[in-house]
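# Analysis of the macromolecular model
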Amino acid sequence: NMIKRTAPIIVGNWKTTPETLQEATKFVKNLDKKCSSSKTKLPKKAYYIATSDIFIPHLAELSERGYVGSQNISGIRPGQVTGVTIPSQIASAGADFVIIGHSEVRKQGETVEERSHKVALSLQAKLTTIACFGEHTRDKNGNYLSELEEDVKKTLSLVDRSLFNNLIIAYEPVWAIGSKNPATTSECFEVVIALRRALASIAGIDYAKKVQVLYGGAVAPDNAKDFLEDGGVDGLLIGRASQDVQSFVDIINACYEK
Ligand code: 13P
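Residues numbered from 1 in each chain as written. Predicted model: local features only at pLDDT ≥ 70, side-chain atom pairs only at ≥ 80, totals over all residues. Heavy atoms only, no water.

## Description of the pattern of salt bridges
A complete count under the given rule lists nine salt bridges for this structure. Measuring nitrogen to oxygen at the nearest pair gives 2.7 Å for the salt bridge that ties K118 to E110. Across this residue pair, the class does not change: K118 and E110 are buried. Residues E229 and K225 are paired through a salt bridge, measuring 3.4 Å at the closest nitrogen-oxygen approach. Of this pair, E229 and K225 both sit in helix 9 (residues 224-230), four residues apart, which is roughly one turn of that helix. In the salt-bridge network here, residues are joined through shared partners; they are E110, R115, K118 and D151. (Salt bridge = Lys/Arg side-chain N within 4 Å of Asp/Glu carboxyl O. Buried < 20%, exposed > 50% of the residue type's maximum accessible area, 1.4 Å probe, protein only. Helix = DSSP H or I, 4+ residues; strand = E, 2+ residues; numbered from the N terminus.)

In structure tokens, the structure reads:
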């Protein structure tokens, strides 16, 4: 289940919503229907939904217009470890992709070493892997830029370069997540350049130019397209606005409008 990626990449991060499989099923059916009746020409697969692992097999089977994936995965080696799900398991259960290192996971104590193992194993399991980066706050001297670059280098330190083509980078400023205020497109652009610079130092300039980068943090139907046009990104990682069918489909349509 390798994903052939054509920009834009529109990823909904459902977090702990909805609370039941019944509601999630209804959502996906409704979303697919809205995608199919859209006036805008959408590709066959028009969205990504990161859901609870327990919903993945059912939703992956059900969804016709999108990809279904996980919000986090264990980077532990297969063996005698209790209570975790590893990338090969989630891939074989129907997941197409996984988000790694979301700030809400980092906050639970995930270390950069753990994150590096997670990215490495997810890519080995052939999952499209979205690795998240973002500063908590900004300082006037711009130190957050070099900190982010350092974070990228450490996170990818255990990853086999031959697998980099299935990696997506997400920039999610922590101060924008869950807030009313997204980054401006120029704030986004500046960081995306820094992230690409870090990637160039690891994998070369050609890779750094073509790697797909997402923006996340207070994305809404009325600002989504701006990031694609002026923010230097190839897609979006969306929390709240992906958890309502109409606003999610409004974002999808906005991104594909000519
Ligand atoms: P919001 O879109 O709700 O700000 O959340 C962003 C996010 O966490 C996506 O991963």
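Now that the structure has been shown, the text picks up again.
## What about the pairing of strand 8 (residues 235-238)?
Side chains G235 and L237 project from strand 8 onto one buried face, and the interleaved L236 and I238 project onto a second face that is buried too. Direction of pairing for strand 7 (residues 213-216) relative to strand 8: parallel, over a ladder of three bridges. Its bridge partner lying in strand 8, Y215 is registered against L236. Viewed along the sheet, the connection from strand 7 through helix 9 into strand 8 turns out right-handed. (Pairing = 2+ DSSP bridges. Right-handed = clockwise from strand over helix to strand, strands pointing away.)

## Considerations on the nonpolar core
Counting 66 residues, the largest nonpolar core has L31, L156, Y215, L236, F248, I251 and I252 as the members making the most contacts within it. Here the element with the most residues in this core is helix 7 (residues 185-203); it accounts for eight residues. What L31 contacts, discounting residues up to four positions off in sequence, is Y47, I49, V245, F248, V249 and I252. Membership of the second largest hydrophobic core comes to 14 residues, among which are F97, I130, A170 and L237. (Core = buried A, V, L, I, M, F, W, Y, C linked by side-chain atoms within 4.5 Å. Contact = heavy atoms within 4.5 Å.)

## Quick notes on the pairing of strand 5 (residues 128-133)
In terms of residue burial, strand 5 counts as a mostly covered element, since six of its six residues are buried. Neither face of strand 5 is left uncovered, since the one carrying T128, I130 and C132 and the one carrying T129, A131 and F133 both have all their residues buried. Summarising the sheet, strand 5 and strand 6 (residues 167-171) pair through five bridges and their orientation is parallel. Along strand 6, the bridge assignment pairs C132 with A170. Taking the sense of rotation as the criterion, the β-α-β connection linking strand 5, helix 6 (residues 143-155) and strand 6 turns out right-handed.

Honestly, that's just the spatial picture; any functional story needs more than this.
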